[in-house]
Amino acid sequence: MLGSALLDADRLSEGFAVLQRGRAISEEIGAAWNLPFFHNALTAYHFFAGQWDEAIAEYETGILLADAVEGRQGLASVHGVRCLLALHRNDLDGGRQALATAVDLLAQRGPQFRFHWVLWARALMLEADGELVGAERTLAEVWDGCEEAGAVGDLYLFAPDLVRLSLANQDRDRAEQTCEAAVALAQTLGTAAASTAALRARAMLDGDPELGLAALGPARESPRPLELALACEEAAASLARAGRVDEARPLFEEAIDGYDRLEAGRNAARAAAAMRSIGLRRGARGPRRRPHEGWGSLPPAERKVAELVAQGLTNREIGERLFISRYTAR
């Protein structure tokens, strides 16, 4: 729980260290029932830290361990994170599969830790399918339910998405209510991530490029690369609408470069299309896609494990060498 709280507080590196320590203690004392919780929390860490291949590895490890100990409680949220990853990477079928699994778990087990992440993922999947009314309704229900329950620690995460969907549906009252709540949350939490979300939401509502630019300050302080790329894209689009194309170009470029590093193909395609719509083209870039075959097709973390396997190390030794769980190494 301390590790998760540190992630919420935007202290990602500290949270990661605490989670790794807790995982190691659980392995040492043989508390196998507890291990899936650590891997699930590490999935969230890697998602926020922009280490998405590692997030998928921890997700898969947590699922395998949960199967081994026949424990399903708390798994819904991690399937929600997997859906979000798939959406960003334009794997809509994979996103639907993860979402369906998460929804089934909620139906079987009832509400559980951060189950609202599942509904967040469902709203964004509805948006991807063009169902904007359903997407807004879903996210608004999540927002209202969390506020009613007092579970507002990570509610700011949803604010920009809910404002965007509300404006798309001509629901300005909801957008204004969400912005007001997001600003209050940012003041209460005092984190760069919450401040970024509040400024992004207000910039969307007001159509103010200066607010979009202001969001870049806390976004650069926060250790969350996806949020920075989103803030850059939105600020660039706002500047372009105001006729400030020369200022928009470098921010579009920064956003797309950030998406490319995450392999967030859906986001990169959207930002590139926005650039083209105002007559801009990206500068020359090297290859951005990972090969489908050979050593180059492996994410860096998998390649490191493979190299240590070739040296004859066991899963436990690999885990100790790379500071990961032996189950993740396996």
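An account of the accompanying structure is given in this report. (Residues numbered from 1 in each chain as written. Predicted model: local features only at pLDDT ≥ 70, side-chain atom pairs only at ≥ 80, totals over all residues. Heavy atoms only, no water.)

With that settled, the discussion passes to the overall build of the chain. Per the secondary structure count, the chain includes 18 helices and 0 strands. Taking 330 residues into account, the globule formula puts the C-alpha radius of gyration at 20 Å, and the chain, at 20 Å, falls close to it. The C-alpha extent of the chain, read off along each of the three principal axes, is 60 × 50 × 35 Å. The proportion of buried residues among the 330 residues of the chain is 50%. Surface summary for the chain: the accessible area is close to 15500 Å², and the carbon and sulfur share equals 52%. Taking the 37 positively charged and 47 negatively charged side chains of the chain as two groups, their mean positions are separated by 4 Å. (Helix = DSSP H or I, 4+ residues; strand = E, 2+ residues; numbered from the N terminus. Rg over C-alpha atoms; globule rule 2.2 N^0.38 Å. Buried < 20%, exposed > 50% of the residue type's maximum accessible area, 1.4 Å probe, protein only. Areas by Shrake-Rupley, 256 points an atom, 1.4 Å probe, with all protein chains shown as cover. Lys, Arg positive; Asp, Glu negative; His and termini not counted. Charge placed at Lys NZ, Arg CZ, Asp CG, Glu CD.)

We now examine the packing of aromatic side chains. Evaluation of the coordinates by the stated rule reveals 5 aromatic pairs. Judged by centre distance (5.5 Å) and plane angle (50°), the ring pair of Phe47 and Phe48 falls under tilted. Each member of the pair, Phe47 together with Phe48, is buried. Ring centres of Trp120 and Phe158 lie 4.9 Å apart, and the angle between their planes is 50°; on these two criteria the pair is classed as tilted. Of this pair, Trp120 sits in helix α7 (residues 116–128) while Phe158 sits in the loop between α8 (132–149) and α9 (159–168); the two residues are 38 residues apart in sequence, bridging distant segments of the chain. Exposure class is identical for Trp120 and Phe158. Each is buried. Among the aromatic residues, those joined into a ring-pair cluster are Phe47, Phe48, Trp52 and Trp117. Here the guanidinium or amino end of Arg224 rests over the ring plane of Phe48, the centre of that ring lying 4.2 Å away. (Phe/Tyr/Trp six-rings, centres within 6.5 Å; stacked < 30°, edge-to-face > 60°. Lys NZ or Arg CZ within 6 Å of the ring centre and 35° of its normal.)

So, on to helix α12 (residues 209–221). Every α-helical turn comprises 3.6 residues, leaving residues that sit three or four positions apart pointing alike. Turning to α12, its buried residues number three or more, namely Pro209, Leu211, Gly212, Ala215, Leu216, Pro218 and Ala219. Packed against the buried residues of α12 are α11 (192–206), α13 (225–241) and α14 (245–262). The N-cap of α12, judged by a side-chain oxygen 2.8 Å from the amide nitrogen of Glu210 a few residues on, is Asp208. (Contact = heavy atoms within 4.5 Å. Polar contact = N/O pair within 3.5 Å; in protein donor to acceptor, adjacent residues only side chain to side chain.)

Attention shifts here to the packing of α8 against α9. One can describe the packing of α8 onto α9 by two numbers: an axis separation of 9 Å at closest approach and a directional angle of 140°. Comparing their axes, α9 and α8 come out oblique. Note that α8 runs across α9; the crossing there is left-handed. Residues Leu132, Ala135, Glu136, Leu139, Ala140 and Trp143 of α8 form the contact with α9, whose own contacting residues are Ala159, Asp161, Leu162, Leu165, Ser166 and Ala168. Within the contact of α8 with α9, the residues separate by chemical class into 9 nonpolar, 1 polar and 2 charged. (Axes fitted to C-alpha atoms, helices over the stretch in contact; angles between N-to-C directions. Parallel < 35°, antiparallel > 145°, perpendicular 65-115°, else oblique. Left-handed = near helix turned anticlockwise from the far one by under 90°. Nonpolar A, V, L, I, M, F, W, Y, C, P; charged D, E, K, R; others polar.)

Overall, the coordinates contain 0 disulfides when judged by the stated rule. Its sulfur unpaired, Cys146 is 17 Å from the next cysteine sulfur, which belongs to Cys83. Taking the relative accessible area as the measure of exposure, Cys146 reaches 7% and is therefore buried. (Disulfide = S-S within 2.5 Å.)

Moving on, we come to helix α3 (residues 35–49). For α3, which comprises 15 residues, the first-to-last C-alpha distance of 21 Å matches the rise-based estimate of 21 Å (1.5 Å per residue) to within 8%. Among the 15 residues that make up α3, 14 are buried, leaving the element largely enclosed by the rest of the structure. Backbone geometry just downstream of α3 places Gly50 in the positive-phi region, at approximately 80°. (Expected span 1.5 Å × (residues − 1).)

Okay, the packing of α7 against α9 next. Running from amino to carboxyl end, α7 crosses α9 at an angle of 35°, the nearest separation of the two axes being 12 Å. Remark: the crossing between α7 and α9 carries left-handed chirality. From α7, Trp120, Leu124 and Glu127 reach across to α9, where they touch Asp161, Arg164 and Leu165. The residue makeup of the contact of α7 with α9, split by class, is 3 nonpolar, no polar and 3 charged.

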